Amino acid sequence: MKLSQLAAKPQLIKITLDDESIVTQYGEPIDCYTWDRQPLEVFMRLANQSQTDGSSIIDIIKTLILNDDGTEVIQGDSMLPTDVLMAAITTLTARLGK
């Protein structure tokens with residue numbers, strides 16, 4: 001297979017947060033979206049982050065957790081509950097690492 005065959009325009013994919021604790025707390029699974037492939041800029045920012053640079057990591061995470069129209073969920077003063085944010089980060093990291 002040629003590497004060029006794997007290159008494609010990013011597509012939104014649905015990620016379902018269905019941990020028992022999430023379903024118990026919110027009464028149903030929660031859907032969020034992310035791109036199936038990340039722009040090179042995002043990938044390089046992720047690869048070059050240090051553990052102590054929290055603000056940059058937060059900015060990257062904002063670009064990964066999306067609505068079904070591709071817009072960022074976390075904007076301005078809008079924040080997710082901590083349990084949902086942690087489930088989203090964990091699930092997205094596992095999904096994107098495959």
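Residues numbered from 1 in each chain as written. Predicted model: local features only at pLDDT ≥ 70, side-chain atom pairs only at ≥ 80, totals over all residues. Heavy atoms only, no water.

## Considerations on the pattern of salt bridges
In the structure shown here, the tally under the stated rule is 2 salt bridges. In this structure, K14 and D31 form a salt bridge, with 3.8 Å as the shortest nitrogen-oxygen distance. Here D31 lies in strand β2 (residues 30–35) and K14 lies in strand β1 (residues 12–17), a separation of 17 residues in the sequence. Note that R37 is salt-bridged to D36, the shortest N-O span being 3.4 Å. Judged by relative accessible area, which is 29%, R37 ranks as partly exposed. (Salt bridge = Lys/Arg side-chain N within 4 Å of Asp/Glu carboxyl O. Helix = DSSP H or I, 4+ residues; strand = E, 2+ residues; numbered from the N terminus. Buried < 20%, exposed > 50% of the residue type's maximum accessible area, 1.4 Å probe, protein only.)

## Examining the nonpolar core
Counting 15 residues, the largest nonpolar core has I15, L17, L64, I65 and L92 as the members making the most contacts within it. For this core, the secondary-structure elements that each account for two or more residues are β1, α3 (54–64) and α4 (82–96). Top contributing element to this core by residue count: α4, with 4 residues. Not counting chain neighbours up to four residues away, the residues in contact with L17 comprise I22, P29, I30, V84, A87, A88 and T91. (Core = buried A, V, L, I, M, F, W, Y, C linked by side-chain atoms within 4.5 Å. Contact = heavy atoms within 4.5 Å.)

## Focus: the confidence of the model for the protein chain
Overall, the predicted model of the protein chain reaches an average pLDDT of 86, with 90% of residues at or above 70. Across the protein chain, element-level confidence peaks in helix α1 (residues 20–26) with a mean pLDDT of 96 and bottoms out in helix α2 (residues 40–47) with 76. (pLDDT = per-residue confidence, 0-100.)

## Focus: the pairing of β1
Walk down a regular strand and you will see the side chains alternate between the two sheet faces. The two faces of β1 differ: I13, I15 and L17 on one face are buried, but L12, K14 and T16 on the other face are not. The pairing of β1 with β2 spans 6 bridges and is antiparallel. Considered in β2, the bridge of L12 is made with W35. (Pairing = 2+ DSSP bridges.)

## Things to note about the environment of L17
Checked against the element boundaries, L17 lands in strand β1. By relative accessible area, L17 is classed as buried at 2%. Remark: the alpha-carbon pair of L17 and A87, spanning 70 residues in sequence, is separated by 6.5 Å.

## Points about a nonpolar patch on the surface
A cluster of nonpolar side chains, namely M1, L3 and L6, defines an oily patch on the protein surface of about 420 Å² accessible area. Within the element layout of this structure, L3 appears in the segment before β1. (Patch = residues over 30% accessible without salt bridge, like charges linked within 9 Å, V, L, I, M, F, W, Y side chains within 5 Å. Areas by Shrake-Rupley, 256 points an atom, 1.4 Å probe, with all protein chains shown as cover.)

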